[in-house]
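Take a look at the letters that make up each chain.
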Amino acid sequence: MSNITIGIIGGTGNMGRWFKDFFSRAGHTVLVAGRKTPVLPLDTAKKSDVVILSVPIEAALAYAEEIGPILSQDQLLMDLCSLKETILTSMLRFTKAQVVGTHPLFGPFTDSIKGQNIIVCPGRGTGWLKWLEDELRRKEAVVTRMDPVTHDRNMAVVQGLTHFLTVCMGRTLQKMNMSPDEAISCSTPVFRLKINLIGRLFSQDLSLYASLIGANRHVEDALATFMSAVDEAKESLLSGQKGRAIAYLDDIRSFLGDFCQDGLKESNKIL
Ligand SMILES: NC(=O)c1ccc[n+]([C@@H]2O[C@H](COP(=O)([O-])OP(=O)(O)OC[C@H]3O[C@@H](n4cnc5c(N)ncnc54)[C@H](OP(=O)(O)O)[C@@H]3O)[C@@H](O)[C@H]2O)c1
(Lines give C-alpha, C1' and ligand atoms only; values in the text may rest on other atoms or scores of the structure.)
Protein backbone atom coordinates (compact mmCIF):
# COMPACT_ATOMS: atom_id res chain seq x y z
CA MET A 1 0.00 0.00 0.00
CA SER A 2 1.37 3.41 -0.93
CA ASN A 3 0.28 7.08 -0.57
CA ILE A 4 -1.05 6.46 2.90
CA THR A 5 -2.17 9.35 5.07
CA ILE A 6 -1.64 8.81 8.77
CA GLY A 7 -3.32 11.06 11.36
CA ILE A 8 -1.74 11.08 14.80
CA ILE A 9 -4.05 12.34 17.57
CA GLY A 10 -1.52 13.46 20.19
CA GLY A 11 1.07 13.96 17.46
CA THR A 12 2.38 16.95 19.43
CA GLY A 13 3.39 14.71 22.36
CA ASN A 14 6.52 12.62 22.91
CA MET A 15 5.50 9.32 21.31
CA GLY A 16 3.34 11.09 18.73
CA ARG A 17 6.34 13.13 17.51
CA TRP A 18 8.49 9.99 17.46
CA PHE A 19 6.00 8.12 15.25
CA LYS A 20 5.45 11.20 13.08
CA ASP A 21 9.18 11.07 12.23
CA PHE A 22 9.09 7.30 11.80
CA PHE A 23 6.19 7.26 9.34
CA SER A 24 7.34 10.42 7.54
CA ARG A 25 10.75 8.86 6.93
CA ALA A 26 8.97 5.76 5.57
CA GLY A 27 7.44 8.05 2.91
CA HIS A 28 3.92 8.52 4.28
CA THR A 29 1.95 11.73 4.71
CA VAL A 30 1.53 12.40 8.43
CA LEU A 31 -1.02 14.81 9.91
CA VAL A 32 -0.94 15.71 13.60
CA ALA A 33 -3.51 17.00 16.04
CA GLY A 34 -3.16 18.00 19.69
CA ARG A 35 -5.34 20.04 22.00
CA LYS A 36 -3.85 23.31 20.77
CA THR A 37 -3.36 22.60 17.06
CA PRO A 38 -5.51 24.57 14.61
CA VAL A 39 -6.73 21.30 13.08
CA LEU A 40 -9.11 19.33 15.31
CA PRO A 41 -8.63 15.59 15.99
CA LEU A 42 -11.96 14.84 14.30
CA ASP A 43 -10.96 16.62 11.06
CA THR A 44 -7.57 14.92 11.08
CA ALA A 45 -9.29 11.54 11.44
CA LYS A 46 -11.62 12.24 8.49
CA LYS A 47 -8.65 12.94 6.18
CA SER A 48 -6.58 9.89 7.26
CA ASP A 49 -6.39 6.27 6.15
CA VAL A 50 -4.82 5.36 9.48
CA VAL A 51 -5.75 7.11 12.74
CA ILE A 52 -3.34 6.68 15.66
CA LEU A 53 -4.36 7.60 19.22
CA SER A 54 -1.15 8.68 20.97
CA VAL A 55 -2.61 10.29 24.07
CA PRO A 56 -2.91 9.28 27.75
CA ILE A 57 -5.19 6.27 28.22
CA GLU A 58 -8.10 8.25 29.70
CA ALA A 59 -8.03 10.65 26.70
CA ALA A 60 -7.65 7.70 24.27
CA LEU A 61 -10.87 6.14 25.61
CA ALA A 62 -12.70 9.46 25.05
CA TYR A 63 -11.23 9.91 21.52
CA ALA A 64 -12.20 6.33 20.56
CA GLU A 65 -15.80 7.22 21.44
CA GLU A 66 -15.67 10.62 19.68
CA ILE A 67 -13.77 9.65 16.52
CA GLY A 68 -14.65 5.95 16.18
CA PRO A 69 -18.17 6.44 14.76
CA ILE A 70 -17.05 8.69 11.86
CA LEU A 71 -14.52 6.16 10.53
CA SER A 72 -15.35 3.72 7.71
CA GLN A 73 -14.52 0.04 7.30
CA ASP A 74 -11.67 1.02 4.96
CA GLN A 75 -9.80 2.96 7.66
CA LEU A 76 -7.63 1.78 10.54
CA LEU A 77 -8.04 2.96 14.13
CA MET A 78 -5.03 2.10 16.28
CA ASP A 79 -3.45 3.33 19.51
CA LEU A 80 -0.07 3.42 21.25
CA CYS A 81 -1.35 3.20 24.85
CA SER A 82 0.64 1.31 27.46
CA LEU A 83 -2.44 -0.69 28.53
CA LYS A 84 -4.49 -2.62 25.99
CA GLU A 85 -7.64 -4.19 27.45
CA THR A 86 -9.83 -1.10 27.94
CA ILE A 87 -8.74 0.76 24.80
CA LEU A 88 -9.22 -2.31 22.55
CA THR A 89 -12.71 -2.82 24.00
CA SER A 90 -13.51 0.84 23.46
CA MET A 91 -12.15 1.03 19.88
CA LEU A 92 -14.04 -2.14 18.89
CA ARG A 93 -17.24 -0.84 20.48
CA PHE A 94 -17.29 2.61 18.88
CA THR A 95 -16.06 2.01 15.31
CA LYS A 96 -16.67 -0.16 12.27
CA ALA A 97 -13.12 0.57 11.08
CA GLN A 98 -10.33 -1.99 11.28
CA VAL A 99 -8.74 -1.94 14.73
CA VAL A 100 -5.25 -2.74 16.00
CA GLY A 101 -3.82 -2.07 19.46
CA THR A 102 -0.09 -1.51 19.74
CA HIS A 103 2.30 -0.92 22.59
CA PRO A 104 5.81 0.23 21.68
CA LEU A 105 8.00 -1.07 24.51
CA PHE A 106 10.38 1.86 24.24
CA GLY A 107 10.26 5.56 24.95
CA PRO A 108 10.72 8.74 22.94
CA PHE A 109 14.48 8.85 23.67
CA THR A 110 15.09 5.73 21.53
CA ASP A 111 17.12 6.49 18.38
CA SER A 112 16.05 3.59 16.22
CA ILE A 113 13.24 1.05 16.20
CA LYS A 114 15.74 -1.66 15.19
CA GLY A 115 15.67 -4.44 17.79
CA GLN A 116 12.94 -2.74 19.85
CA ASN A 117 9.90 -4.73 21.03
CA ILE A 118 6.42 -3.76 19.88
CA ILE A 119 3.34 -5.64 21.04
CA VAL A 120 0.50 -5.81 18.55
CA CYS A 121 -3.02 -6.76 19.67
CA PRO A 122 -5.19 -7.65 16.63
CA GLY A 123 -8.67 -6.15 16.99
CA ARG A 124 -10.66 -6.22 13.74
CA GLY A 125 -9.54 -6.96 10.17
CA THR A 126 -6.34 -8.29 8.68
CA GLY A 127 -5.42 -5.89 5.82
CA TRP A 128 -4.20 -2.97 7.90
CA LEU A 129 -2.80 -5.34 10.54
CA LYS A 130 -0.50 -6.86 7.92
CA TRP A 131 0.44 -3.38 6.60
CA LEU A 132 1.39 -2.21 10.09
CA GLU A 133 3.41 -5.31 10.96
CA ASP A 134 5.25 -5.07 7.61
CA GLU A 135 6.07 -1.37 8.20
CA LEU A 136 7.49 -2.12 11.64
CA ARG A 137 9.39 -5.27 10.63
CA ARG A 138 10.88 -3.55 7.57
CA LYS A 139 12.75 -1.32 10.04
CA GLU A 140 13.69 -4.42 12.10
CA ALA A 141 11.35 -3.91 15.07
CA VAL A 142 10.58 -7.11 16.99
CA VAL A 143 6.81 -7.45 16.62
CA THR A 144 4.89 -9.85 18.87
CA ARG A 145 1.17 -10.51 18.65
CA MET A 146 -0.62 -10.84 21.97
CA ASP A 147 -4.16 -10.70 23.32
CA PRO A 148 -4.89 -7.57 25.40
CA VAL A 149 -5.45 -9.34 28.74
CA THR A 150 -2.17 -11.27 28.50
CA HIS A 151 -0.44 -8.00 27.54
CA ASP A 152 -1.82 -6.14 30.57
CA ARG A 153 -0.98 -9.03 32.91
CA ASN A 154 2.61 -9.04 31.62
CA MET A 155 2.83 -5.25 31.92
CA ALA A 156 1.73 -5.51 35.56
CA VAL A 157 5.21 -6.98 36.15
CA VAL A 158 7.29 -5.37 33.38
CA GLN A 159 6.04 -1.84 34.08
CA GLY A 160 3.69 -1.80 37.10
CA LEU A 161 5.84 -3.73 39.56
CA THR A 162 9.15 -2.42 38.18
CA HIS A 163 8.13 1.23 38.51
CA PHE A 164 6.50 0.52 41.88
CA LEU A 165 9.84 -0.79 43.18
CA THR A 166 11.67 2.25 41.81
CA VAL A 167 9.18 4.59 43.52
CA CYS A 168 9.58 2.70 46.81
CA MET A 169 13.38 2.78 46.54
CA GLY A 170 13.21 6.59 46.06
CA ARG A 171 10.88 6.85 49.05
CA THR A 172 13.28 4.73 51.14
CA LEU A 173 16.18 7.11 50.37
CA GLN A 174 13.91 10.00 51.38
CA LYS A 175 12.80 8.31 54.63
CA MET A 176 16.42 7.50 55.52
CA ASN A 177 17.39 11.06 54.60
CA MET A 178 20.12 9.67 52.32
CA SER A 179 20.74 12.38 49.71
CA PRO A 180 21.58 11.37 46.11
CA ASP A 181 25.05 12.97 46.56
CA GLU A 182 25.76 10.90 49.65
CA ALA A 183 24.42 7.73 47.97
CA ILE A 184 26.52 8.33 44.85
CA SER A 185 29.70 8.91 46.86
CA CYS A 186 29.39 5.31 48.13
CA SER A 187 27.92 3.76 45.02
CA THR A 188 28.98 0.60 43.21
CA PRO A 189 28.30 0.43 39.45
CA VAL A 190 25.10 -1.57 40.14
CA PHE A 191 23.80 0.95 42.67
CA ARG A 192 24.79 3.82 40.40
CA LEU A 193 22.60 2.30 37.70
CA LYS A 194 19.74 1.88 40.18
CA ILE A 195 19.87 5.44 41.50
CA ASN A 196 20.05 6.76 37.93
CA LEU A 197 16.89 4.80 37.16
CA ILE A 198 15.22 6.41 40.19
CA GLY A 199 16.22 9.86 38.91
CA ARG A 200 15.05 8.91 35.42
CA LEU A 201 11.54 8.02 36.63
CA PHE A 202 11.13 11.18 38.71
CA SER A 203 12.45 13.41 35.89
CA GLN A 204 9.56 12.38 33.61
CA ASP A 205 5.79 12.82 33.40
CA LEU A 206 4.53 11.57 36.78
CA SER A 207 0.98 11.08 35.52
CA LEU A 208 2.26 8.52 32.98
CA TYR A 209 3.90 6.49 35.78
CA ALA A 210 0.84 6.87 38.02
CA SER A 211 -1.23 5.34 35.17
CA LEU A 212 1.22 2.54 34.41
CA ILE A 213 0.93 1.43 38.04
CA GLY A 214 -2.55 2.52 39.09
CA ALA A 215 -4.62 1.95 35.92
CA ASN A 216 -3.56 -1.67 35.41
CA ARG A 217 -6.00 -3.93 37.27
CA HIS A 218 -3.41 -6.75 37.34
CA VAL A 219 -0.83 -4.80 39.38
CA GLU A 220 -2.56 -5.64 42.65
CA ASP A 221 -2.05 -9.39 42.06
CA ALA A 222 1.58 -8.89 41.01
CA LEU A 223 2.15 -6.81 44.14
CA ALA A 224 0.53 -9.42 46.41
CA THR A 225 2.88 -12.06 44.96
CA PHE A 226 5.83 -9.71 45.39
CA MET A 227 4.91 -9.01 49.05
CA SER A 228 4.78 -12.76 49.74
CA ALA A 229 8.24 -13.04 48.14
CA VAL A 230 9.45 -10.23 50.46
CA ASP A 231 8.20 -12.19 53.50
CA GLU A 232 9.92 -15.40 52.33
CA ALA A 233 13.14 -13.58 51.48
CA LYS A 234 13.19 -11.93 54.93
CA GLU A 235 12.69 -15.29 56.64
CA SER A 236 15.47 -16.96 54.65
CA LEU A 237 18.04 -14.20 54.14
CA LEU A 238 17.74 -12.67 57.61
CA SER A 239 17.51 -16.03 59.41
CA GLY A 240 21.17 -15.94 60.45
CA GLN A 241 21.53 -19.38 58.86
CA LYS A 242 23.75 -19.17 55.80
CA GLY A 243 22.77 -22.64 54.53
CA ARG A 244 19.09 -21.70 54.55
CA ALA A 245 19.79 -18.41 52.76
CA ILE A 246 21.81 -20.14 50.04
CA ALA A 247 19.20 -22.87 49.56
CA TYR A 248 16.59 -20.13 49.04
CA LEU A 249 18.75 -18.34 46.47
CA ASP A 250 19.63 -21.61 44.75
CA ASP A 251 15.95 -22.45 44.33
CA ILE A 252 15.40 -19.18 42.45
CA ARG A 253 18.56 -19.74 40.38
CA SER A 254 17.29 -23.14 39.22
CA PHE A 255 14.04 -21.50 38.07
CA LEU A 256 15.94 -18.86 36.05
CA GLY A 257 18.25 -21.52 34.52
CA ASP A 258 20.54 -20.55 31.63
CA PHE A 259 19.18 -17.00 31.61
CA CYS A 260 21.46 -16.16 34.56
CA GLN A 261 24.55 -16.31 32.31
CA ASP A 262 22.81 -14.34 29.54
CA GLY A 263 21.77 -11.70 32.08
CA LEU A 264 25.34 -11.46 33.38
CA LYS A 265 26.69 -10.83 29.87
CA GLU A 266 24.00 -8.26 28.98
CA SER A 267 24.34 -6.35 32.24
CA ASN A 268 28.15 -6.32 31.91
CA LYS A 269 27.68 -4.44 28.64
CA ILE A 270 25.55 -1.79 30.37
CA LEU A 271 27.76 -1.49 33.44
N1 LIG B 1 6.38 7.98 26.88
C2 LIG B 1 6.63 6.70 26.76
O3 LIG B 1 7.72 6.22 27.10
C4 LIG B 1 5.58 5.78 26.18
C5 LIG B 1 5.98 4.52 25.69
C6 LIG B 1 5.02 3.68 25.12
C7 LIG B 1 3.70 4.08 25.07
N8 LIG B 1 3.35 5.31 25.58
C9 LIG B 1 1.93 5.68 25.52
O10 LIG B 1 1.80 6.67 24.48
C11 LIG B 1 0.74 7.57 24.81
C12 LIG B 1 1.27 8.99 24.73
O13 LIG B 1 2.30 9.14 25.66
P14 LIG B 1 3.36 10.35 25.57
O15 LIG B 1 4.49 9.96 26.46
O16 LIG B 1 3.62 10.67 24.15
O17 LIG B 1 2.52 11.51 26.26
P18 LIG B 1 2.70 13.12 26.09
O19 LIG B 1 4.08 13.45 25.68
O20 LIG B 1 2.13 13.71 27.34
O21 LIG B 1 1.74 13.47 24.86
C22 LIG B 1 0.35 13.41 25.02
C23 LIG B 1 -0.29 13.98 23.79
O24 LIG B 1 -1.68 13.82 23.94
C25 LIG B 1 -2.33 15.04 23.66
N26 LIG B 1 -3.60 15.10 24.38
C27 LIG B 1 -4.79 15.19 23.80
N28 LIG B 1 -5.78 15.15 24.72
C29 LIG B 1 -5.18 15.08 25.91
C30 LIG B 1 -5.67 15.04 27.22
N31 LIG B 1 -6.97 15.05 27.49
N32 LIG B 1 -4.77 14.96 28.22
C33 LIG B 1 -3.44 14.95 27.95
N34 LIG B 1 -2.91 14.97 26.71
C35 LIG B 1 -3.79 15.03 25.68
C36 LIG B 1 -1.33 16.09 24.07
O37 LIG B 1 -1.71 17.26 23.43
P38 LIG B 1 -1.22 18.73 23.77
O39 LIG B 1 -0.40 19.09 22.57
O40 LIG B 1 -2.45 19.50 23.88
O41 LIG B 1 -0.45 18.68 25.08
C42 LIG B 1 -0.05 15.45 23.56
O43 LIG B 1 0.08 15.66 22.17
C44 LIG B 1 0.23 7.17 26.21
O45 LIG B 1 -0.92 6.40 26.09
C46 LIG B 1 1.38 6.34 26.77
O47 LIG B 1 0.94 5.37 27.71
C48 LIG B 1 4.24 6.16 26.12
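Residues numbered from 1 in each chain as written. Predicted model: local features only at pLDDT ≥ 70, side-chain atom pairs only at ≥ 80, totals over all residues. Heavy atoms only, no water.

**Student:** Can you walk me through the domain arrangement of the protein chain in this structure?
**Tutor:** How large an interface is tends to be reported as the accessible area lost when its parts come together. Domain annotation of the protein chain identifies domain 1 (5-146) and domain 2 (150-238). Taking only C-alpha atoms into account, the centre of domain 1 sits 29 Å from that of domain 2. Counting residues at the interface gives 12 residues for domain 1 and 14 residues for domain 2. Each partner contributes to the roughly 980 Å² buried at the junction of domain 1 and domain 2, and carbon and sulfur atoms together form 60% of this total. Summed over the three residues of domain 1 that lose the most area to domain 2, namely L83, E85 and M146, the buried surface amounts to 49% of that side. Linking domain 1 with domain 2 are one salt bridge, by the criterion used here. Where R217 meets E85, a salt bridge forms, and the shortest distance between an N and an O atom there is 2.9 Å. On inspection of domain 1 and its partner domain 2, the count reaches five residue pairs in polar contact (both at pLDDT 80 or more). Those elements that place two or more of their residues in the side of domain 1 that touches domain 2 are α3 (57-67) and β6 (117-124). Here the side of domain 1 that touches domain 2 is built from residues that sort into seven nonpolar, two polar and three charged. (Domains from an automatic or database assignment. Contact = heavy atoms within 4.5 Å. Buried area = accessible area lost by both parts, 1.4 Å probe. Salt bridge = Lys/Arg side-chain N within 4 Å of Asp/Glu carboxyl O. Polar contact = N/O pair within 3.5 Å; in protein donor to acceptor, adjacent residues only side chain to side chain. Helix = DSSP H or I, 4+ residues; strand = E, 2+ residues; numbered from the N terminus. Nonpolar A, V, L, I, M, F, W, Y, C, P; charged D, E, K, R; others polar.)

**Student:** Hey, could you run me through the site of the ligand in this one?
**Tutor:** Around the ligand sit 21 residues in total, of which T12, N14, M15, V55 and S82 are the nearest. Contact distances for the ligand include 2.5 Å between an oxygen atom and a side-chain N or O atom of T12. In this structure, V55 approaches the ligand through a main-chain N or O atom, which is 2.7 Å from an oxygen atom. Protein chains shield 80% of the accessible area of the ligand, which is 900 Å² for the free molecule. Elements with a minimum of two residues in the shell around the ligand: α1 (14-25), α3 and β5 (98-104). Of the residues in the shell around the ligand, the class split is 11 nonpolar, eight polar and two charged. (Near = heavy atom within 4 Å. Areas by Shrake-Rupley, 256 points an atom, 1.4 Å probe, with all protein chains shown as cover.)

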